[in-house]
Amino acid sequence: MTKPTIALIYDFDGTLSPGNIQEYSFIEELNMTPAQFWGKSTQLSKEQDASEILCYMKLMLEEAKHAGVSVKRDSFVKFGKKVELFKGVQEWFSLINKAGKDIGLSIEHYINSSGLKEMIEGTPIAKEFKNIYACSFIYDKDGVATWPAVAVDYTTKTQFIFKINKGIKEVSDNKKINEYVPEEERPIPFKRMIYFGDGETDIPCMKMVKANGGYSIAVYKPNDSSKKRTAEKLILDDRVNFVCPADYRENQDIYKVVTTILEKMKRDYDFDCLKKKHLEAAKKHNK
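Residues numbered from 1 in each chain as written. Predicted model: local features only at pLDDT ≥ 70, side-chain atom pairs only at ≥ 80, totals over all residues. Heavy atoms only, no water.

Let's talk about the overall build of the chain
When you go through the chain residue by residue, the secondary structure sums to 10 helices and seven strands. For a compact globule of 287 residues, the expected C-alpha radius of gyration is about 19 Å, and the chain comes in at 20 Å, within 12% of that figure. Seen through its C-alpha atoms, the chain measures out along the principal axes to roughly 75 × 45 × 35 Å. Within the chain, the fraction of its 287 residues that count as buried is 48%. Accessible surface, the chain as shown: approximately 15100 Å² in total, 49% of it carbon and sulfur. (Helix = DSSP H or I, 4+ residues; strand = E, 2+ residues; numbered from the N terminus. Rg over C-alpha atoms; globule rule 2.2 N^0.38 Å. Buried < 20%, exposed > 50% of the residue type's maximum accessible area, 1.4 Å probe, protein only. Areas by Shrake-Rupley, 256 points an atom, 1.4 Å probe, with all protein chains shown as cover.)

Notes on helix α9 (residues 225–236)
With 12 residues, α9 extends 16 Å between its outermost C-alpha atoms, agreeing within 8% with the 16 Å of an ideal straight helix rising 1.5 Å per residue. The N-capping residue of α9, defined by a side-chain oxygen 3.2 Å from the backbone nitrogen of Ser226, is Asp224. Of the residues one or two after α9, Asp238 is the one with positive phi, at around 65°. (Expected span 1.5 Å × (residues − 1). Polar contact = N/O pair within 3.5 Å; in protein donor to acceptor, adjacent residues only side chain to side chain.)

Quick look at the pattern of salt bridges
Within the structure shown, the criterion is met by 16 salt bridges. Here Asp11 ties to Lys157 by a salt bridge, and the two come within 3.2 Å at their closest N and O atoms. Highlighted residues: Asp11 in the loop between β1 (5–10) and α1 (26–29) and Lys157 in helix α7 (residues 154–166), separated in sequence by 146 residues. Considered together, Asp11 and Lys157 belong to a single accessibility category, that of buried residues. For Asp102, the salt bridge identified is with Lys98, shortest N-O distance 2.9 Å. Here Asp102 pairs with Lys98, and both are found in helix α5 (residues 89–102), just four residues apart, close to one helical turn. One salt-bridge network, held together by shared partners, links Asp11, Lys157 and Asp202. (Salt bridge = Lys/Arg side-chain N within 4 Å of Asp/Glu carboxyl O.)

Looking at the packing of helix α2 (residues 34–48) against helix α3 (residues 52–67)
Contact geometry for α2 and α3: axes closest at 9 Å, N-to-C directions at 125°. Between α2 and α3, the angle falls in the class oblique. Handedness of the α2/α3 crossing: right-handed. On the side of α2, the interface is formed by Phe37, Trp38, Lys40, Ser41, Leu44 and Ser45, while α3 contributes Glu52, Cys55, Tyr56, Lys58, Leu59, Met60 and Glu63. Looking at the contact of α2 with α3, its residues break down into seven nonpolar, two polar and four charged. (Axes fitted to C-alpha atoms, helices over the stretch in contact; angles between N-to-C directions. Parallel < 35°, antiparallel > 145°, perpendicular 65-115°, else oblique. Left-handed = near helix turned anticlockwise from the far one by under 90°. Contact = heavy atoms within 4.5 Å. Nonpolar A, V, L, I, M, F, W, Y, C, P; charged D, E, K, R; others polar.)

A word on unusual backbone geometry
Of note, the phi angle at Asn223 is positive, near 65°, even though the residue is not glycine. Structurally, the position occupied by Asn223 is in the loop between β6 (215–220) and α9. Here Asn251, not a glycine, exhibits a phi torsion of approximately 75°, which is positive. On the secondary structure map, Asn251 appears in the loop between β7 (242–245) and α10 (253–285).

Below, the structure is given as structure tokens:
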């Protein structure tokens, strides 16, 4: 019997990593503090009434030029190697893959982030993802960033959920994403998705996945009461199913929640298969 595929979809900043991905080395190279960089980005966004995502990407290029910091693609990847991850993240994927396999599921992992794709590709967990949907730059013939290629805000994130749902890898594909495909024929139905997020840009995705039969988990930095309250508000507002500290080690809360969800998804899949079998038998006998 074919194993049903389950998609685990993660935001990055604040979900798998304690901070914004630019803060671990890139902003430091600019001789700026994170507060200075993000403050300047927010100010630009307000002054120009512009996208916060496009403003931070513009600022990355401008400040790097001013400070003499390389904005080559390879340089961004190297910056990503210094990114900090929450406890247990590096071991998480093999643990969950095994848990899924043991109960008859195939697990796929995806990133859906407003952070920088090239930096995420430099992290030690990049190889774990079937696809990374995130902000990225256009590069010239010398590999130097010149212009934003993809800017991911909260509305763009929902588009990527549909791409996963329909099995579309390319960001540039605007045809298949709008084609009608019956839900039962899509590679990964919403009811077989688990979404992990922490911030405002994740709310539409978390709500959408939950509303369509999947599951959403709001995570927060362990021992941070402010972050915990923010996450708890999401469950109180019925936008997520669960709230967990971002500790991905085996037998911690998020591990128990996800493995329980996987077990339920497998039972639901078996139940649907049983219903389909009886329906097909009835159709055959009543021709």
